[in-house]
Amino acid sequence: MTYQFDEKTAALAQDSKAWPFDEARKLIKRLEKLPEHPETVLFETGYGPSGLPHIGTFGEVARTAMVRHAFRVLSQDKWPTRLICFSDDMDGLRKVPDNVPNQEQLAEHLDRPLTSVPDPFGTHDSFGAHNNARLMAFLDTFGFEYEFFSATDCYKSGRFDETLLKILKAYDQVMNVILPTLGEARRATYSPFLPVCPRTGKVLQVPMIARDEAAGTITYNDPETGDEMTTPVTGGAVKCQWKADWAMRWVALGIDYEMAGKDLIDSVRLSGAIARILRAVPPEGFSYELFLDENAEKISKSRGNGLTIEEWLTYASPESLSLYMFQSPRKAKRLYFDVIPKAVDEYVTHLANYPAQETDKRLANPVWHIHSGAPPEAELPISFNLLLNLVSASNSEDADVLWGFIRRYAHGASAQEHPLLDHLVGYAIRYFHDFVKPNKAYRSPSDTERAALAELDAKLAELPAGVTGQDIQTIVYEVGKAHDFENLRDWFKALYEVLLGQSQGPRFGNFVELYGVEETRGLIGKVLRGEGLSSA
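Reference entry: report on the structure contained in this document. (Residues numbered from 1 in each chain as written. Predicted model: local features only at pLDDT ≥ 70, side-chain atom pairs only at ≥ 80, totals over all residues. Heavy atoms only, no water.)

## Topic: the sheet that holds strand β1 (residues 41-47)
Argument step 1. With respect to topology, 3 strands assemble into an open sheet ordered β1-β2-β3, the strand pairing being parallel. The sheet terminates laterally at β1 and β3 (147-150), the two strands that pair on one side only. Across the sheet, the mean angle separating the axes of adjacent strands is 30° when strand polarity is ignored.
Argument step 2. Judged from the 7 bridges that link them, β1 and strand β2 (residues 81-87) form a sheet pairing that is parallel. Among the inter-strand pairings, G46 is bridged to a residue of β2, identified as F86.
Argument step 3. Here helix α3 (residues 55-75) sits on the sheet and contacts β1 and β2; the angle it forms with β1, its principal contact strand, is near 175°. (Pairing = 2+ DSSP bridges. Helix = DSSP H or I, 4+ residues; strand = E, 2+ residues; numbered from the N terminus. Axes fitted to C-alpha atoms, helices over the stretch in contact; angles between N-to-C directions. Contact = heavy atoms within 4.5 Å.)

Take a look at the structure:
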């Protein structure tokens, strides 16, 4: 894709407070300080293929892509850019994942490189290859522009050889960086190099007993046989230990930008120190906060708390997930099902506001960053929250029935003319069925609420055809003020709990306009007659 960025936009971007521009400005300062400017600016995201891609993988790639685009705008495409998605697939399999088949088969290959472990799914040459394919399919689904790099390929092809020899030469300095951070037992066995045992194929965590800089080799004792083994550090005969590996990768590939989770702050610092020992400048980047579940506990893949990306995309669009990732990346956020409707409506609101905004406001609008400066046109007559309540009140999970309500509310609306809205209808039905319907709990009104409902019913009966949601909202307010409620919030809460079976809902006047005055009176009538309402 060829981008054309104008000077006006670049000038306004210089003052934009959107965080991707902050990151891009930091990167430009880094490049300007380098003795030689790189021909191409490299962005990187890393992936550990011992498990399947997850929502954190999406977040890191999406955020990095946003920074990359902001950089291109600020620099007016002065430098070509590339995004590398790096798979650490030469890492040893340390434990068998819980969510794969043939676990006994995998257990026989512990400590071997992931690209040497048989694929438990039986579809690829190795477990690493299988997960790499899943990762690329995952990224391709979202249309990310990236290049895939395999650690195994980089090590075995010799791409890392020059930098590996530099680490061998600076062995003592690297050890001095890492050893103070380790416990006594780990210090006794630590080495930045992990030899791949020629006898077993396992990635060994053993101490070095000798090294030869001139020959480019290390020597260690085979932990099982006790034999003294000498192996080159080049050609894929060794893999680097984590922090040294990260630094080695930055230096060998010339990475300019990489972000990481807050839990890796110490790793970033130590890897940066090793990169400097190798006479390189560490990449720019920032530490993003981790996600929390609904109980404010850290999300863990092994525990399975929180949301998977598949679950989010069952109930909402990829764009709403991108918005969630864009918002406040340095703040811990709860990632569970209740955040989805809010994210959807916020995305729709930002998209609707975009066309009328001046350029400086557009550059701060999340949809500009989500869509790389070219958000789609989308005009939505109703919110996702309102759709959810329409499904709830109508007790219908039939899209055609819901479109009947929508067309009455927004004349001329159709699935063909409003494809985004049509998607939202499907999302709303699924979300209602799985999360709202099982938790609906209608209650009977109090005497005060009953009297107010009776008056509201009478007022609605007097309304002319074509009345607006705003006019209905005014009447609802007037009825609430005329009765003995401590505050109007109690009145609206009563409407939601009695008529919709939930404690909160949309702007009630807009809901009545969408659902229909007579249909709303029908709900009120059932309550006043004591018939009760049900979600069944």
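## Thoughts on unusual backbone geometry
Argument step 1. One non-glycine residue, D111, lies in the positive phi region at around 75°.
Argument step 2. Residue position: D111 is located in the loop between α4 (103-107) and α5 (127-141).
Argument step 3. Phi is positive for N395, which is not a glycine, with a value near 55°.
Argument step 4. Mapping N395 onto the fold places it in the loop between α17 (384-394) and α18 (399-409).

## Structural notes on the side chain of Q473
Argument step 1. Summarising the element assignment, Q473 is placed in helix α21 (residues 469-482).
Argument step 2. When its relative accessible area of 4% is taken as the criterion, Q473 is described as buried.
Argument step 3. Leave out the neighbours within four places in its chain, and Q473 touches F492, R507, F508 and G509. (Buried < 20%, exposed > 50% of the residue type's maximum accessible area, 1.4 Å probe, protein only.)

## Describing the packing of helix α20 (residues 447-461) against helix α22 (residues 488-500)
Argument step 1. Packing of α20 against α22 leaves a shortest axis separation of 11 Å and a crossing angle of 85°. Our classification of the angle between α20 and α22 gives roughly perpendicular. Note on element contacts: α22 touches α20 through W491, A494, L495, V498 and L499, opposite E449, A452, L453 and L456.
Argument step 2. Of the residues belonging to the contact of α20 with α22, the class tally is 8 nonpolar, no polar and 1 charged. (Parallel < 35°, antiparallel > 145°, perpendicular 65-115°, else oblique. Nonpolar A, V, L, I, M, F, W, Y, C, P; charged D, E, K, R; others polar.)

## Thoughts on the nonpolar core
Argument step 1. Counting residues in hydrophobic clusters, the biggest one holds 112 residues, and the most contacted among them are W312, I406, L456, W491, L499 and F508.
Argument step 2. With 10 residues, the single largest contributor to this core is α3.
Argument step 3. Setting aside residues up to four positions removed in sequence, I406 forms contacts with I382, L387, L390, A413, L421, V425 and L514.
Argument step 4. With 46 residues, the next largest nonpolar core counts Y155, V177, F193 and V233 among its residues. (Core = buried A, V, L, I, M, F, W, Y, C linked by side-chain atoms within 4.5 Å.)

## Some remarks on the pairing of β1
Residues in a regular strand project their side chains so that they alternate between the two faces of the sheet.
Argument step 1. When you tally the buried positions in β1, you get 6 out of 7 residues, the bulk of the element.
Argument step 2. In the classification by handedness, the crossover that spans β1, the intervening α3 and the parallel β2 is right-handed. (Right-handed = clockwise from strand over helix to strand, strands pointing away.)

## As for the sheet that holds strand β7 (residues 228-232)
Argument step 1. Spatially, the 3 strands line up as an open sheet ordered β5-β6-β7, and their pairing is antiparallel. The open sheet terminates on both sides in strands that have one partner only, identified here as β5 (210-212) and β7. Averaged over all pairs of adjacent strands, the angle between strand axes in this sheet comes to 20°, irrespective of strand direction.
Argument step 2. Across 5 bridges, strand β6 (residues 217-221) lies against β7 in antiparallel orientation. Across the sheet, N221 pairs through a bridge with E228, a residue of β7.

## Side note on the packing of aromatic side chains
Argument step 1. Scanning the model with the defined rule gives 28 aromatic pairs in all.
Argument step 2. Ring geometry for F405 against Y515: centres 5.4 Å apart, planes inclined by 25°, an arrangement best described as stacked. A residue pair is termed long-range when its members are at least 10 positions apart, and F405 in helix α18 and Y515 in helix α23 (residues 508-515) qualify at 110 residues.
Argument step 3. Of the residues examined, F405 reaches a relative accessible area of 13% and is grouped as buried.
Argument step 4. The ring of Y324 is capped by K333, whose NZ or CZ atom sits 4.1 Å from the centre of that ring.
Argument step 5. Positioned above the aromatic ring of Y354 is the side chain of R362, whose terminal nitrogen or guanidinium carbon lies 4.4 Å from the ring centre. (Phe/Tyr/Trp six-rings, centres within 6.5 Å; stacked < 30°, edge-to-face > 60°. Lys NZ or Arg CZ within 6 Å of the ring centre and 35° of its normal.)

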